[in-house]
Amino acid sequence: MASMSSSNLELDLDRPNIEDYLTADSIQEPRGKLRLHDFLDISPTLTEAGGAIVDDSFTRCFKSNPPEPWNWNVYLFPLWCLGVVVRYGILFPVRVLILTLGWIIFLSCYIPVHLLLKGHDKLRKKLERGLVELICSFFVASWTGVVKYHGPRPCTRPKQVFVANHTSMIDFIILEQMTAFAVIMQKHPGWVGLLQSTILESVGCIWFNRSEAKDREIVTRKLREHVEGPDNNPLLIFPEGTCVNNHYTVMFKKGAFELGSTVCPIAIKYNKIFVDAFWNSKKQSFTTHLLQLMTSWAVVCDVWYLEPQNMKPGETPIQFAERVREIISARAGIKMVPWDGYLKYSRPSPKHREHKQQAFAESVLRRLKDK
């Protein structure tokens, strides 16, 4: 181990070749010893498996990297303790008060508007859009959100769709405080689901359940109807279909890119100096995630409204989606990986496993016959 240089320790985790991660000693073939390279040479399937272990770019897309601890000596530890007291004892109660005040103002205005202006749909929708933007602004204020918007503010036009990379449900709140988007979103349980089925319905949001195949057909039909309406709110889609940790972008679903509409990319990049905004829905509820944000110093991020894109002649929806993903990734400084985000919720099919097992068995048998 002492002979291993520091350059050999700097592993490029974005390269899938297993040999790049082995020391020179293990790649050579010394006499009388079985090295790792010899073991992997038994089968290309083992080489593939070893490469997947070393270069697990899929799992890294959904991992939250904890910040480096800085309270490691007697001088810094008191300052860290003081910060904890300020964040939990002062900032958090103030933020709860701000959010509570926001809900009181919102509900006292939204309920009369929603009930009393049913015969005046145009005015009602306009007021409801403004109120939804208002409550989202209170949410951002409750995190001491420092959001910098770049580019022209979105406007309501027919035949256009806005797409953005997805890190957390707060992406929607940050974008909604500027423009009342109608968003395509997974159905959620609890108080979030209650808001989805009541307040957010008023801005034309569309909900789906990813486990229901029939929901996909209904959503596709609703998408086409929504983009055709000239008075509908701008449509916002997160084509990754799941939350990714803001270091990577996974494959975009093609649904937003086969509507025949202009696609307006939005790039969102969070600064993790104060808090990691990534929401790992498999490990924490959205309520816990919000509490984490409200007990941090601030949520800092940049939002770029990028140049609208149209499908080029001869370009398929999948190619169009990849081109837009590349634009968003380049602007936000995020790496692209060739993974489907829905694999996060599913296991490999039995047929795929059997195919891999059969290939492995055949390669081992061939190797034994050669011996």
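Because the structure is a prediction, the values reported are computed rather than measured. Per chain, the residues get numbers from 1 upward, laid out in the order the sequence is written. Predicted model: local features are reported for residues with pLDDT of at least 70 only, side-chain atom pairs are reported and counted for 80 or more only, and whole-chain, interface and lining totals are derived from all residues. To obtain the side-chain values, all non-hydrogen atoms of the structure were used and water was disregarded.

Caption draft 1: Summary view of the sheet that holds strand E1 (residues 145–150). Should DSSP find at least two bridges between two strands, the strands are regarded as paired. In this description a helix means any DSSP run of H or I spanning at least four residues, a strand means any run of E spanning at least two, and both kinds are numbered starting from the N terminus. In spatial order, the strands read E1-E8-E7-E2-E5-E3-E4; together these 7 strands make up an open sheet with mixed pairing. In the strand order of this sheet, the two ends are held by E1 and strand E4 (206–208), each with one partner. Direction aside, neighbouring strands of the sheet carry axes that sit 20° apart on average. Alignment of strand E3 (residues 182–186) against E4, held across 3 bridges, turns out to be parallel. For isoleucine 184, the partnering residue across the bridge sits in E4 and is isoleucine 206. Set on the sheet, helix H12 (residues 317–332) makes contact with strand E2 (160–164), strand E7 (262–271) and strand E8 (299–305); between it and E7 the angle comes to about 35°. All axes are obtained by fitting lines to C-alpha atoms, using only the stretch in contact for helices, and the reported angles, taken between N-to-C directions, cover 0 to 180 degrees. Whether two residues are in contact is decided by their heavy atoms, any of which lying within 4.5 Å being enough.

Caption draft 2: Fine view of the nonpolar core. The biggest cluster of nonpolar side chains holds 57 residues, and the ones touching the most others in it are Trp143, Ile170, Leu175, Leu236 and Ile266. Per element, the largest residue contribution to this core is 7 residues, and it comes from helix H7 (residues 121–141). When residues no more than four places from it in sequence are discounted, the contact partners of isoleucine 170 are Trp143, Tyr270, Ala277, Phe286, His289, Leu290, Leu293 and Val299. Counting 25 residues, the second largest nonpolar core, distinct from the first, contains Val163, Val219, Val263 and Trp304. In this text, buried Ala, Val, Leu, Ile, Met, Phe, Trp, Tyr and Cys residues form a nonpolar core when linked through side-chain atoms within 4.5 Å. The cut-offs for exposure are 20% and 50% of the maximum accessible area for each residue type, with area from a 1.4 Å probe on protein chains only; residues under the lower value are buried, those over the upper are exposed, and the others partly exposed.

Caption draft 3: Quick look at helix H9 (residues 190–197). The complete set of buried residues in H9 reads Val192, Gly193, Leu195 and Gln196. Along the long axis of H9, the arc covered by the buried residues comes to 160°, so they all point the same way. Facing away from the buried surface of H9 by more than 90 degrees, the exposed residues are Gly190 and Leu194. The arc in question is the one traced by the directions running from the helix axis out to the C-beta atoms.

Caption draft 4: Structural context of the pairing of E8. With 6 of its 7 residues buried, E8 lies for the most part within the structure. Two strands pair when backbone bridges link them, and E1 and E8 are joined in this way by 6 bridges, in the parallel orientation. Residue pairing across strands places valine 147 opposite cysteine 301, the latter belonging to E8. With 6 bridges joining them, E7 and E8 adopt antiparallel strand pairing. Its bridge partner lying in E8, lysine 269 is registered against aspartate 302.

Caption draft 5: View of unusual backbone geometry. For threonine 144, which is not a glycine, the phi torsion comes out positive at approximately 50°. Secondary-structure assignment places threonine 144 in the loop between H7 and E1. Accessibility expressed as a relative area gives 33% for threonine 144, which makes it partly exposed. We note that asparagine 246 has phi near 70°; this positive angle belongs to a residue other than glycine. For asparagine 246, the location among the structural elements is in the loop between strand E5 (235–237) and strand E6 (248–249). The class for asparagine 246 is buried, based on a relative accessible area of 2%.

Caption draft 6: Structural context of helix H6 (residues 76–116). Expected helix span is given by 1.5 Å per residue-to-residue step, counting one fewer step than there are residues. Helix length check: H6 (41 residues) gives 58 Å between terminal C-alpha atoms against 60 Å at 1.5 Å per residue, within 8%. Two axes enter the bend calculation: one fitted to the seven residues ending at the residue in question, the other to the seven starting there, and the bend is the angle between them. Remark: the principal bend of H6, roughly 35°, maps to leucine 91, with a proline, proline 93, within the next four residues. Of all the residues in H6, the buried ones are Gly83, Arg87, Arg95, Leu99, Gly102, Phe106, Tyr110 and Val113. Where H6 is buried, its residues contact H7 and helix H11 (286–294).

Caption draft 7: View of the pattern of salt bridges. Think of a salt bridge as a Lys or Arg side-chain nitrogen and an Asp or Glu carboxyl oxygen that are within 4 Å of each other. Taken as a whole and assessed by the stated rule, the structure comprises 6 salt bridges. Linking glutamate 128 and arginine 124 is a salt bridge whose minimum nitrogen-to-oxygen distance equals 3.5 Å. Here glutamate 128 pairs with arginine 124, and both are found in helix H7, just 4 residues apart, close to one helical turn. Its relative accessible area of 15% is what places arginine 124 among the buried residues. Note that aspartate 276 is salt-bridged to lysine 272, the shortest N-O span being 3.6 Å. Given a relative accessible area of 11%, aspartate 276 falls into the buried group.

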